[in-house]
Amino acid sequence: MSTVRLKHVKKIYDHAVTAVHDFSLDIADKEFIVLVGPSGCGKSTTLRMVAGLEEISEGELYIDEKLVNDEAPKDRDIAMVFQSYALYPHMTVRENMEFPLKLKKMPKAEINQRVQDAAEILGITQYLDRKPKALSGGQRQRVAIGRAIVREPKVLLMDEPLSNLDAKLRNQMRSEIIKLRQRINTTFLYVTHDQTEAMTLGDRIVIMKDGYIQQIGTPQEVFNHP
Ligand code: ADP
Ligand code: ADP
C-alpha cells in the first residue's frame, strides 16, 4: 500500500518566487498520475518536493498517511528518474544498479537477484558490464529506470524521462513504461510537457499552469472537456 497525499502544498523560492501555489491531490495506491503543463508551470518543483529534494514552504505531504515534510529523501521510500539519466559515469551498468542497494547494506545475493530481475524487465541484461558512455540514450534511460526500481520504491517519480530521446524511441519507451507498470508494484508520479505522453500513460492527469492546478481528471475527462 502506498498512497500519497499533498495538502495545500506551496513552494516559494528565495522568499520571492511562488513556483507552486496551492497543490492538493490524493494519489491512490498504484495509481499513475501525470503532471502536465508548459515549461515553468511548477511540475518539477512539485516532484522535487515529493522526493524531498526541495523543501515544502507550506502545506503537508503524507506518504501512507504519515507526514513526511521533514523526512530526508532516503527515508521516504521513493525513487526518482531524471531527464538527464544522472548515471555514475565511472561505474558499469551493474554497479550503477547495485549502488542504491549497497547503500542499504542489502545482502549480496539479494542485490544480484534484484539487479538481474530489473535488467530482465528492462531488456538490458546484455549491457550490465558496460559503462554508460558505451550506451545509447534509450539504453541509458533504461538503466536509470532500472536503478530506480531495484529499490522497490513505494513511489516512482519520473521527471521528463523521455524528453531527451528522439520521437521513435520515445514512442517505444512509452509502451515499455506501460509494460513496466504492469510488472512492478508501485505508485507513479510522472512529469511531462508532452500531451500524448500524459494521455497514454496517466490514470489521471493533473494540468498545471503558472503554479496552479488547472484541471484534474482521467484522460477522457481532460480530453473531452478541455
Ligand atoms: P516546470 O518543471 O514545470 O518546468 P519548475 O518547477 O522547474 O517548472 O519551475 C517553476 C518556477 O519556479 C519557474 O518560474 C522557475 O524559474 C522557478 N524555479 C525553479 N527552480 C527554482 C530555484 N531553484 N530557485 C528559484 N526559482 C526556481
Ligand atoms: P525543467 O524546466 O526541465 O524543470 P529547468 O531547466 O527549468 O528544468 O531547471 C533546471 C534546474 O535549474 C532545476 O534544478 C531548477 O530547480 C533550477 N532552476 C530553474 N529555474 C531557476 C531559477 N529561476 N533560479 C534558480 N534555479 C532555477
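Before reading further, recall that the structure is shown in the block above.
Residues numbered from 1 in each chain as written. Chains lettered and ligands numbered in written order. Predicted model: local features only at pLDDT ≥ 70, side-chain atom pairs only at ≥ 80, totals over all residues. Heavy atoms only, no water.

Caption draft 1: Spatial organisation of the packing of helix α2 (residues 93-103) against helix α3 (residues 108-122). Put simply, α2 and α3 touch, their axes get as near as 10 Å, and they point 130 degrees apart. Put simply, α2 runs oblique to α3. Note on packing geometry: the crossing formed by α2 with α3 is right-handed. Counted together, Arg94, Met97, Glu98, Leu101 and Lys102 of α2 and Lys108, Ile111, Asn112, Arg114, Val115, Ala118 and Ala119 of α3 form the full contact between these two elements. Across the contact of α2 with α3, the residue classes break down as six nonpolar, one polar and five charged. (Axes fitted to C-alpha atoms, helices over the stretch in contact; angles between N-to-C directions. Helix = DSSP H or I, 4+ residues; strand = E, 2+ residues; numbered from the N terminus. Parallel < 35°, antiparallel > 145°, perpendicular 65-115°, else oblique. Left-handed = near helix turned anticlockwise from the far one by under 90°. Contact = heavy atoms within 4.5 Å. Nonpolar A, V, L, I, M, F, W, Y, C, P; charged D, E, K, R; others polar.)

Caption draft 2: Focus on the packing of aromatic side chains. Scanning all chains against the criterion turns up three aromatic pairs. Look at Phe32 and Phe188: their rings are 4.6 Å apart centre to centre, the planes differ by 5 degrees, and that puts the pair in the stacked class. Taken together, the residues span a long stretch of sequence, with Phe32 in strand β3 (residues 32-36) and Phe188 in strand β8 (residues 187-192) at a distance of 156 residues. By the burial criterion, Phe32 is buried, and Phe188 matches it. Between Tyr88 and Phe99, the aromatic rings sit 5.0 Å apart at their centres with planes inclined by 65 degrees, giving edge-to-face as the arrangement. One end of the pair, Tyr88, is in the loop between β6 (78-82) and α2; the other, Phe99, is in helix α2, with eleven residues separating them in the sequence. A residue is classified by how much of its surface remains accessible, and Tyr88, at 30% relative accessible area, is partly exposed. Three or more aromatic residues joined by ring pairs form one cluster here, namely Phe32, Phe188 and Tyr190. The side chain of Arg147 reaches across the aromatic face of Tyr88, ending 5.1 Å from its centre. (Phe/Tyr/Trp six-rings, centres within 6.5 Å; stacked < 30°, edge-to-face > 60°. Buried < 20%, exposed > 50% of the residue type's maximum accessible area, 1.4 Å probe, protein only. Lys NZ or Arg CZ within 6 Å of the ring centre and 35° of its normal.)

Caption draft 3: Inspection of the sheet that holds strand β5 (residues 66-67) at higher detail. Ordered by their spatial adjacency, four strands build an open sheet running β2-β1-β4-β5, and the pairing between neighbours is antiparallel. Across the chains shown, the open sheet's two edge strands, defined by having one partner strand only, are β2 (17-27) and β5. The sheet contact formed by strand β1 (residues 4-13) and β2 spans seven bridges and is antiparallel. Along β2, the bridge assignment pairs Val9 with Phe23. (Pairing = 2+ DSSP bridges.)

Caption draft 4: Fine view of the site of ligand 1. In the vicinity of ligand 1, the contacting residues are Tyr13, Asp14, Ala19, Pro38, Ser39, Gly40, Cys41, Gly42, Lys43, Ser44 and Thr45. Ser44 is positioned with one of its backbone polar atoms (N or O) 2.7 Å from an oxygen atom of ligand 1. Notes on ligand 1: free accessible area 550 Å², of which the protein chains cover 61%. Of the residues assigned to the shell around ligand 1, the class counts are four nonpolar, five polar and two charged. (Near = heavy atom within 4 Å. Polar contact = N/O pair within 3.5 Å; in protein donor to acceptor, adjacent residues only side chain to side chain. Areas by Shrake-Rupley, 256 points an atom, 1.4 Å probe, with all protein chains shown as cover.)

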